[in-house]
Structures are given as C-alpha cells and as structure tokens.
Amino acid sequence: MLQIVHVTTEQQKEDAMSVRKQVFVAEQQVPVEEEIDQYDPSSDHFVLYDQNHPIGAGRFRMIEETGKVERICVLSSHRGSGAGVLIMQGIEEFAEKKGIGRLKLNAQSHALLFYEKLGYHITSDEFLDAGIPHKSMEKNIKQT
C-alpha cells in the first residue's frame, strides 16, 4: 500500500533524503552538494512509502507568492506504478490547504509528459541544471 507523508520527524526526513540520494546522486550522478542544498532546512518535505519502505520523495517551498515543487523522485523499482502521481497529489493538496494558487517546477526534459498529464504547462526553453536538460513548468491550482 502506497502512502504519501508530509515529513514531521527526523526519520521521515532521512527517508526522503535517502530516496533523493539514490535517484539523483547515485543514479543520475548529480553531485551531493548540489542535491542537498541551502533550501532543505526551510522546505516542506514529502516521502512516499510502500509498506513502510521509502520509495519516493519531493520537496516544496515558497518563492514569493508561488509554490515551488522540487526534487520529485521515485526509485527505479517503482516507476510507472503511479507513485509519482501520488507524490504530486500530496504536494498539491498541501499547497491548496495553504491557499496557494500557483505552482511551478523545473522538470527534467524526459519527464515533461508526466507533468503535462498533471496539468502543468511549459514556460521556458530548455536549460541545463546539474548537467541535465530541464524546462520550467507552471500550473494554476484550485483553492478550496
């Protein structure tokens, strides 16, 4: 059973960081000093569990009036299972509860279709981040 959790404990944060390091640092060769950055201490973190095992993660922070979705990742063993959608839904629900109307993110170019299916639209030309092609995307979300 998959469950998305808004991180509130050190163990949950360690679980989220573990997934991020496996995906971004080990798999995609992003330097750890770029992956774990100055925004981590002040950001909201999310971790996705499968039977109490961390399999996905994401980060959320505010930039002025816009929510920024970052560091969305799923272990290779669980990709294609809907895990990424659950992470995004959890973060979007969190943002809605805070009254945030717009979200933005920088998507790896290979993941653009994933985010487009969730209602995001491309707002930039392609650029490199940690040596990986990305495009910026945005989405207006409904407020409750």
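Quick caveat, the model's predicted, so the values are computed rather than measured.

### Some thoughts on the pairing of strand 2 (residues 44-50)
- Most of strand 2 sits out of view: 5 of its 7 residues are buried.
- Across 5 bridges, strand 1 (residues 2-6) lies against strand 2 in antiparallel orientation. In the sheet register, I4 faces strand 2, and the bridge partner there is L48.
- Note: strand 2 against strand 3 (residues 53-63), 7 bridges, orientation antiparallel. The residue of strand 3 that forms the bridge with D44 is F60.
- Where strand 2 hands over to strand 3, the hairpin turn is made up of 2 residues, of which Q51 adopts a positive phi near 55°.

### Some points on the packing of aromatic side chains
- Using the criterion set out here, one finds 4 aromatic pairs in the structure.
- Each ring, one from F46 and one from F94, has its centre 5.4 Å from the other, and the planes form 75°; the classification is edge-to-face. Of the two residues, F46 sits in strand 2 while F94 sits in helix 3 (residues 83-97), which places them 48 residues apart along the sequence. Both residues of the pair, F46 and F94, count as buried.
- Ring centres 6.1 Å apart and planes at 80° place the aromatic pair Y115 and Y120 in the edge-to-face group.
- The exposure class assigned to Y115 is buried, which follows from its relative accessible area of 8%.
- For Y120, a relative accessible area of 3% puts it in the buried group.
- Of the aromatic side chains, those joined through ring pairs into one cluster are F46, F60 and F94.

The rules behind each value
- As a convention, each chain's residues are numbered from 1 in the sequence order in which they are written.
- At least 70 in pLDDT is required for a residue's local features to be given in this predicted model, at least 80 for side-chain atom pairs to be given and counted, and no such filter applies to totals for whole chains, interfaces and linings, which use all residues.
- Water and hydrogen atoms were dropped before computing side-chain values, which therefore reflect all heavy atoms in the structure.
- Working definition: with a 1.4 Å probe on protein chains only, accessible area under 20% of the residue-type maximum means buried, over 50% means exposed, and in between means partly exposed.
- Where helices and strands are cited, they refer to DSSP runs of H or I of at least four residues and of E of at least two residues respectively, numbered from the N terminus.
- Strand pairing follows a simple DSSP-based rule, namely that at least 2 bridges must link the two strands.
- The rule is short: rings of Phe, Tyr and Trp, with Trp giving its six-membered ring, pair when the centres are within 6.5 Å, and they are stacked under 30 degrees, edge-to-face over 60, tilted in between.

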